[in-house]
Amino acid sequence: MKESLWGYLIFSLGIIAILIIWFLSNATNTDQHNYNLLKETVESAMYDAIDISTYRQTGVVRIEEEKFVENFLRRFSENASLANNYLIEIYDVKEAPPKVSLRVSSTNITNATGKFIEFDLINNIDSILETKK
């Protein structure tokens, strides 16, 4: 009888461990996806927002704020996971020299333990557009 109880205990602990590992790997994958998406999207939106006419006339690299925000939101929404809700906060967009600071927050929820557990995943980026002269 004692051996069968030990077997049930080990089996139960194994199931709990698998659920915890599954949830943590899911949260890690979501965080990594958000970071890579944020980094690539900011870079692409900054290149798309370069003001070509100003560059041709004066040789100064400058971005347009409205164009950057529009391109960033479009690109981010096209590639974001539909399973999450995102909060995008754009703190600073400097047109010349091109600099952007923003934060993307999302929430990961699980009920693997019987209770709803909520994790806030926050990614910040400060990006400066560099060019070769």
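Predicted, not measured: the structure shown is a model, and the values here were computed from it.

If you had to explain the overall build of the chain to someone new, which residues and values would you point to?
Of the regular secondary structure elements, the chain holds 3 helices and 3 strands. Listing each helix as α and each strand as β along the chain from the N terminus yields α-α-α-β-β-β. For a compact globule of 133 residues, the expected C-alpha radius of gyration is about 14 Å, and the chain comes in at 22 Å, more than 25% above that figure. Here the chain holds 133 residues, and 28% of them are scored as buried. Pairs at least 24 apart in sequence give 53% of the contacts found in the chain among residues at least 6 apart. Per element, the accessible surface of the chain, about 9500 Å² overall, is 57% carbon and sulfur.

Just give me the short version of the nonpolar core, but keep the residues and values in it.
In terms of nonpolar packing, the biggest core is built from 19 residues, with Leu38, Val42, Met46, Ile63, Phe68, Phe72 and Leu102 touching the most fellow members. Contributions of two or more residues to this core are made by α1 (2-48), α3 (65-79) and β2 (99-110). In terms of residue count, the dominant contributor to this core is α1 (5 residues). Among residues more than four places away in sequence, those in contact with Val42 are Phe68, Phe72, Leu102, Ile125 and Ser127.

Pulling in residues and values, what's your account of the side chain of Asn123?
Its place among the elements puts Asn123 in strand β3 (residues 117-128). Those residues in contact with Asn123, other than ones at most four positions away along the chain, are Asp31, Asn34, Tyr35, Leu38, Leu102, Arg103 and Val104.

Mind laying out a nonpolar patch on the surface, listing which residues take part and the relevant values?
Together, Trp6, Leu9, Leu13, Ile16, Ile20, Leu24, Ile117 and Phe119 line one region of the surface with nonpolar side chains, adding up to about 750 Å² of accessible area. Elements with a contribution of two residues or more to the nonpolar patch: α1 and β3. In terms of residues, the nonpolar patch owes the most to one element, α1, which gives 6 residues. Residue Leu9 is classed as partly exposed on the basis of its relative accessible area, which comes to 41%.

Go over the pattern of salt bridges with me, naming the residues and quoting the values.
Applying the stated criterion across every chain, the model contains 5 salt bridges. One connected set of salt bridges, linked through shared partners, spans Asp51, Arg62 and Glu95.

Help me get a handle on the environment of Arg103, residues and values and all.
Tracing the sequence through the fold places Arg103 in strand β2. Sequence separation between Arg103 and Ile125 is 22 residues; the distance between their C-alpha atoms is 6.5 Å.

I'd like a description of the environment of Tyr55, backed by residues and values.
One can find Tyr55 in helix α2 (residues 52-58). What makes Tyr55 partly exposed here is its relative accessible area of 43%. Ignoring anything within four residues of it in the chain, the contact list for Tyr55 reads Val60 and Val61.

Quick notes on the rules
Residues numbered from 1 in each chain as written. Predicted model: local features only at pLDDT ≥ 70, side-chain atom pairs only at ≥ 80, totals over all residues. Heavy atoms only, no water. Helix = DSSP H or I, 4+ residues; strand = E, 2+ residues; numbered from the N terminus. Rg over C-alpha atoms; globule rule 2.2 N^0.38 Å. Buried < 20%, exposed > 50% of the residue type's maximum accessible area, 1.4 Å probe, protein only. Contact = heavy atoms within 4.5 Å. Areas by Shrake-Rupley, 256 points an atom, 1.4 Å probe, with all protein chains shown as cover. Core = buried A, V, L, I, M, F, W, Y, C linked by side-chain atoms within 4.5 Å. Patch = residues over 30% accessible without salt bridge, like charges linked within 9 Å, V, L, I, M, F, W, Y side chains within 5 Å. Salt bridge = Lys/Arg side-chain N within 4 Å of Asp/Glu carboxyl O.

Keep in mind that these numbers describe shape and distance, not what the molecule does.
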